[in-house]
Structure formats: C-alpha cells, structure tokens
Amino acid sequence: MKDEKQGNPRHVAIIMDGNGRWAQAQGLPRALGHKAGMESLRSIVEACPDLGIEYLTVYAFSTENWKRPRLEIEALMRLMSEYIDSELDRLNRKGVSIRILGDIQPIPAALRSKVEGAVAMTSGNQGLRFSIALNYGGRQDILQAAQALAKRALHGEDPDRWTEEDLQKCLYTGDMPDPDLMIRTGGDLRISNFLLWQLAYSELWTTSTYWPDFTPEHLAGAIQDYCGRQRRFGGI
Ligand code: FPP
C-alpha cells in the first residue's frame, strides 16, 4: 500500500468554521453568517455522492458552544430546525440517512423531536451517511464510551480483555469507519474537540476560506489533494 496513491475518501468530516467572521466582514449579524453557512452545507451534502463520499460528518454545535450568547444559540437551533423542515424530504428521496452524534437531551424539545423524526425516517436509507455532530465533544464521546464499558464490567466482563475495538464500538460513531479526510475552513489550525479518537490517522486539510464561501469546487480540490497523499498509518 505504501507506494500507492489514495482512492477518494469514503468518509469526510468537516469543521464548518468562519460563519461569524464571514458575516462580520460584510457588516451583517453573526446569525446571518450561520444562515449562509446552512446554504453552504446544503450544496456540500448534494455534492458528496458525485465525489464518491459515502460518509459526511459535520460539526454543527459543540459541547462548548453553549458558552455563546443566548441569542446566537437560539439562532443556531432555529436554523437546524429550518434545515430539517426544508431539506428532509429531498434528502430522504436521495437516499441520505441522517444521524446525530452527541447528547441531544439538552437540545430544546421541539428541535430534538424533529431531529429524532428525521433520523427515524431516514434510518433505512442506503445512500450518503450524513452525521450531524450536535452538542458533541470528542472528550465527552470518549467518556460516554468509557461509561458504557464500565457498566459492562459491573455486569461481570473482564476489562483486561477489552481491545481498542471494544471502546471504538461504544463511540457515537461506533459502526462507522474513521474519517479519511478532515476539512477545517476559516483558517484556524485546531481540532477543537471534534472526533478526537476517530481522527487519529485522518488526513487534515485546511483553508482560510470561510464556511459560507466553501463550495463543492473547494471540496473537490481538497479531495484531489487527499488523493495525492500517501497514508502510512504509522508504518513506512
Ligand atoms: C462555526 O463558525 C460554526 C458553527 C459553530 C455552527 C455551524 C452551523 C451551521 C453551518 C449552520 C447550519 C447547521 C446545520 C446542521 C443545519 P463560527 O461562528 O465559530 O465562526 P467564527 O469563527 O468566524 O466566529
């Protein structure tokens, strides 16, 4: 494998950063940056199947985003709700299956039931696996996996027999392959508590382009770059 170039990535994960700065640059409120970000997401989801992407995972709201002003949090929740209202039928027709990564208990009840409805409606679909990280944190993900394992120990399992795979299966992404490629827009070079376990060997690609300006052409460029890389997974 070592001299071979990559095929297209099966799983692409994205930190959709820069909505606020995009809005600020045009003298608009931050909420309009998120709205423009939602439009960007629409076109990226649409473009995935043609680029051979089987899994798309986006970071919509982190466990740390509760620190934002209340009005901005409300605007984000409203946008997610609008997104489901406007996109669900179309995504379902295209065979997209939606799932949520994260603990959605603290999410406002109306949005939570809408999200649960979308997941249930699309769960049998065989097209793009579209995961939305919502109230998600990588550390919290590992913690809840450890808690699930600890409960099994209480029921008599021997922790010394567990492998990495046992923990991996308890993560929110349990039955998904790890991301091959992680894209971050907006210029910062950080993982920001996204998929900490799952990104261990992912290829990283960043751009200073703000998320609302990120187009399927940028995505194709990132994939082209990925295809020219060699992945060694710690080997030589
Ligand atoms: C980061 O930009 C972006 C977010 C915290 C939210 C991303 C949300 C969307 C794209 C809206 C729609 C989502 C769904 C799932 C429908 P930032 O606000 O941190 O930007 P900044 O770094 O420029 O301030």
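Every value quoted in this text rests on a predicted model; they were computed, and no experiment measured them. Throughout, residues of each chain are indexed from 1 in the direction in which the sequence is written. In keeping with the model being predicted, local features are shown solely for residues with a pLDDT of at least 70 and side-chain atom pairs are shown and tallied solely at 80 or more, while totals for entire chains, interfaces and linings include all residues. Just so you know, side-chain values use all the structure's heavy atoms and leave hydrogens and water out.

Caption draft 1: Spatial organisation of the site of the ligand. Whether a residue is near a molecule or strand depends on its heavy atoms: it is near if one of them lies within 4 Å of it. Around the ligand there are 19 residues in total, and Asp 17, Gly 20, Arg 21, Arg 30 and Arg 68 lie nearest to it. Two N or O atoms form a polar contact when they lie within 3.5 Å of each other; inside protein one atom must be a possible hydrogen donor and the other a possible acceptor, and for residues adjacent in sequence the pair counts only when both atoms belong to side chains. Gly 18 is positioned such that a nitrogen or oxygen atom in its backbone is 3.3 Å from an oxygen atom of the ligand. Gly 20 places a polar main-chain atom, nitrogen or oxygen, 3.1 Å from an oxygen atom of the ligand. In these tables, accessible area is a Shrake-Rupley quantity obtained with a 1.4 Å probe, and a residue counts as shielded only by the protein chains included in the view. When isolated, the ligand has an accessible area of 620 Å², and the protein chains bury 92% of it. Helix and strand definitions here come from DSSP, where helices need a minimum of 4 consecutive H or I residues and strands a minimum of 2 consecutive E residues; each element is numbered from the N-terminal end. Mapped by element, the contributors of at least two residues to the shell around the ligand are helix H1 (19-25), helix H2 (30-47) and helix H3 (70-93). The leading source of residues in the shell around the ligand is H2, at 5 residues. Split by residue class, the shell around the ligand holds 9 nonpolar, 6 polar and 4 charged. When residues are sorted by character, Ala, Val, Leu, Ile, Met, Phe, Trp, Tyr, Cys and Pro go into the nonpolar class, Asp, Glu, Lys and Arg into the charged class, and all the rest, Gly among them, into the polar class.

Caption draft 2: Just H2, in detail. A rise of 1.5 Å per residue sets the reference length of H2, with its 18 residues, at 26 Å; its end C-alpha atoms lie 26 Å apart and thus fit the reference within 8%. Categorising residues by exposure relies on relative accessible area from a 1.4 Å probe, with only protein chains included: less than 20% of the type maximum marks a residue as buried, more than 50% marks it as exposed, and the intermediate range marks it as partly exposed. Buried within H2 we find Gly 33, His 34, Ala 36, Gly 37, Met 38, Ser 40, Leu 41, Ile 44, Val 45 and Ala 47. In what follows, residue pairs with any heavy atoms lying within 4.5 Å of each other are defined as contacts. Buried-residue contacts for H2 involve strand S1 (11-15), H1, strand S2 (55-62), H3, strand S4 (129-136) and helix H7 (216-227). The span you would expect from a helix comes to 1.5 Å times its residue count less one.

Caption draft 3: Here's a closer look at the nonpolar core. By nonpolar core we mean a set of buried residues, namely Ala, Val, Leu, Ile, Met, Phe, Trp, Tyr and Cys, connected to one another through side-chain atoms within 4.5 Å. Core analysis: the biggest nonpolar cluster contains 46 residues, and Ile 14, Leu 56, Phe 130, Ile 183 and Leu 219 have the highest contact counts within it. If one sorts the elements of this core by residue count, H3 sits on top with 9 residues. Not counting residues up to four positions away in its chain, the partners in contact with Leu 219 are Val 12, Ile 44, Cys 48, Leu 51, Ile 53, Ile 183 and Phe 214.

Caption draft 4: Inspection of empty space enclosed by the protein at higher detail. Points on a 1 Å grid, built from protein atoms alone, make a cavity when a 1.4 Å probe fits but cannot get out and make a pocket when they are open with protein on both sides within 12 Å along at least 5 of 7 lines; residues with an atom within 4 Å of a point are the lining residues. Grid points are joined across faces, edges and corners, and a volume is the space filled by probe spheres set on the points. Evaluation of the coordinates by the stated rule reveals 1 cavity of 30 Å³ or more. Here the largest cavity defines a volume of roughly 40 Å³. Lining the largest cavity, in full, are Tyr 83, Ile 84, Ile 98, Ile 100, Val 115, Ala 118 and Ile 132. Sorting the residues of the lining of the largest cavity by element identifies H3, strand S3 (97-101) and helix H4 (109-122) as the ones contributing at least two each. Looking at the lining of the largest cavity, its residues break down into 7 nonpolar, no polar and no charged.

Caption draft 5: Summary view of the side chain of Glu 203. Relative to the elements of secondary structure, Glu 203 occurs in strand S6 (residues 203-206). At 3.0 Å, the side chain of Glu 203 forms a polar contact with the side chain of Arg 229. Excluding anything up to four places from it in sequence, Glu 203 contacts Asp 180, Leu 181, Met 182, Tyr 226, Arg 229, Gln 230 and Arg 231.

No statement about biological role is implied by the geometric values presented.
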